[in-house]
Structure formats: structure tokens, C-alpha cells
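Working through the structure, step by step
The residues making up each chain are set out below.
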Amino acid sequence: DSYRPPYEWLECGLASSGFPCGLWLLFHLLSVECVAVPAERVLGSIRAAVAELFLCLDCRAHFLALFDDCGFDWCHVRSHASLQLWLFHVHNFVTLRVRAEQRSQDVVASLSGAQTRDLLWPSASACPLCFNSTALTSPGPDAVLGAVAMYRSRVQPAANEAAVLSFLRLHYGSSPTTR
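Keep in mind that this is a model prediction, so the values were computed, not measured. (Residues numbered from 1 in each chain as written. Predicted model: local features only at pLDDT ≥ 70, side-chain atom pairs only at ≥ 80, totals over all residues. Heavy atoms only, no water.)

1. As for the state of the cysteines
- For the structure shown, the criterion picks out 3 disulfides.
- There is a disulfide in this structure between Cys56 and Cys59, and the S-S distance comes to 2.3 Å. Disulfide Cys56-Cys59: the torsion about the S-S bond is 70°, which places it as right-handed.
- Owing to a relative accessible area of 30%, Cys56 belongs among the partly exposed residues under this scheme.
- Of the residues examined, Cys59 reaches a relative accessible area of 26% and is grouped as partly exposed.
- With its sulfur 1.9 Å from that of its partner, Cys127 forms a disulfide with Cys130. As the torsion about the S-S bond is roughly 80°, the Cys127-Cys130 disulfide counts as right-handed. Like Cys130, Cys127 is buried. (Disulfide = S-S within 2.5 Å. Buried < 20%, exposed > 50% of the residue type's maximum accessible area, 1.4 Å probe, protein only.)

2. Looking at the packing of aromatic side chains
- Counted under the stated rule, the structure contains 9 aromatic pairs.
- Clustering of aromatic rings is evident, with ring pairs tying together Phe63, Phe67, Trp74 and Trp86. (Phe/Tyr/Trp six-rings, centres within 6.5 Å; stacked < 30°, edge-to-face > 60°.)

3. Regarding the nonpolar core
- Core analysis: the largest hydrophobic core is formed by 44 residues, its most contacted members being Phe27, Phe63, Trp86, Val90 and Phe131.
- Of all the secondary-structure elements, those providing two or more residues to this core are helix H1 (19-33), helix H2 (39-53), helix H3 (57-68), helix H4 (80-102), helix H7 (147-155) and helix H8 (161-172).
- With near-sequence residues (within four places) excluded, Val90 lies in contact with Trp24, Phe63, Leu66 and Phe72. (Core = buried A, V, L, I, M, F, W, Y, C linked by side-chain atoms within 4.5 Å. Helix = DSSP H or I, 4+ residues; strand = E, 2+ residues; numbered from the N terminus. Contact = heavy atoms within 4.5 Å.)

4. Considerations on the packing of H1 against H8
- As a packed pair, H1 and H8 sit with axes 9 Å apart at the nearest point and diverge in direction by 100°. In terms of orientation, H1 and H8 fall into the roughly perpendicular class. Contacts between H1 and H8 involve Leu25, His28, Leu29, Val32 and Glu33 from the former and Leu168, Arg169 and Tyr172 from the latter. (Axes fitted to C-alpha atoms, helices over the stretch in contact; angles between N-to-C directions. Parallel < 35°, antiparallel > 145°, perpendicular 65-115°, else oblique.)

5. A word on the pattern of salt bridges
- One pass over the full model with this rule turns up 2 salt bridges.
- With its nearest N and O atoms 3.9 Å apart, the salt bridge here joins Glu40 to Arg78. Remark: Arg78 occurs in the loop between H3 and H4 and Glu40 occurs in helix H2; sequence separation between them is 38 residues.
- For Arg78, a relative accessible area of 55% gives the class exposed.
- Put simply, Arg47 and Asp68 hold a salt bridge, and the shortest N to O gap is 2.9 Å. (Salt bridge = Lys/Arg side-chain N within 4 Å of Asp/Glu carboxyl O.)

6. Some details on the side chain of Gln84
- Locating Gln84 in the fold gives a position in helix H4.
- Looking at Gln84, its side chain comes within polar contact range of the side chain of Arg169, at 3.2 Å.
- Gln84 has contacts with Ser31, Val32, Leu165, Leu168 and Arg169, leaving out every residue within four places of it along the chain. (Polar contact = N/O pair within 3.5 Å; in protein donor to acceptor, adjacent residues only side chain to side chain.)

7. Focus on the environment of Val155
- Assignment of secondary structure puts Val155 in helix H7.
- Sequence separation between Val155 and Asn92 is 63 residues; the distance between their C-alpha atoms is 8.9 Å.

8. Here's the deal with the confidence of the model for the protein chain
- In this model, the protein chain carries a mean pLDDT of 79, and residues with pLDDT of at least 70 account for 72%.
- Within the protein chain, H2 carries the highest mean pLDDT (94), whereas helix H5 (residues 105-109) carries the lowest (49).
- Counted against residues more than four places away or in other chains, residues 3-9, with its pLDDT under 50, gives 5 contacts. (pLDDT = per-residue confidence, 0-100.)

See below:
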């Protein structure tokens, strides 16, 4: 028999973005599993990992600027639940920002709420309750300029944070204390 890695390791398959996907998976795992470590310290470790390991210099600079400017209010993170939600929102913000940069803004502006939902993590099939698709609106033409404000006004309110926390803990938790 040939070795087949567990399902969790198959998430970053060939169709995915490889290393960045694996890094996001690691960060989500840390946010759920490191409950014995203060949330602020886990955040510091995530920042250090990006600063030292991320090979995409533009990606690294964007993340570090967001972090160093207290983007998405990370400096107010005091619990593991708030850390998990912060990471969830940053992950989706980065996905939408990268997509907006890869495509013309006109294409991104024309995305419907359902099309925007297809870009967000986790997928609708993995977590159907994580976003209220009817409340989700298109990123609009300000998807790159004012991207944090765009995400906070149009995407973040559509997130069902209770469902997100349940998904993260079920998906990444290995012990009864994290589930």
C-alpha cells in the first residue's frame, strides 16, 4: 500500500497556491491548538513566521504593514476566539486583495455576492453557515484602494462568526479542549 496523507494535508493540492496555502493552514492550526500559549504570543509567532519564511516579498510586505498598523484590530486580540476570528478575516481579506490585483478591478467589481462567496475561505461546501451569501455584496471598484474599509463594510458583516469558530475548532482541533 502507498502512503496517503490524511485529508487535512490534501487541502493544498496542486490546484491550490502551495506554500501560501500551507502557511495559512499552519496559522489556523496554531490559532486553535495553542490554547496554553497567550493569544498575543501566538500572533507574534505568526508575524515572525511571515517575516522570516514568506518568499513572496510583496506578500510579506503587505502582511507586515497590515499587522504593524494594527490591521483588523489585532492589537485588541486578547482571547483565542478573537485570534481565530482575526486570522479568518485577514485570510479572506488577503484572498480578495490578491484576486483584485490579479484581475482588473472592473472584473472584480462585477462579481456578484455568490461569486465573491466562491473566493472566500472556507468554501461554502466546507462551511455552508460561515457566510450569509444573501448579505454578501460585491467588492466593488474600491477593492484595492481602501481594501480594509471595503472588506469591513461589505464582507465582514456577512460572516457568521459563531459558525466560523465552530468550523475552525472542529476542522483544526485535535483535543476536547479545542473543540
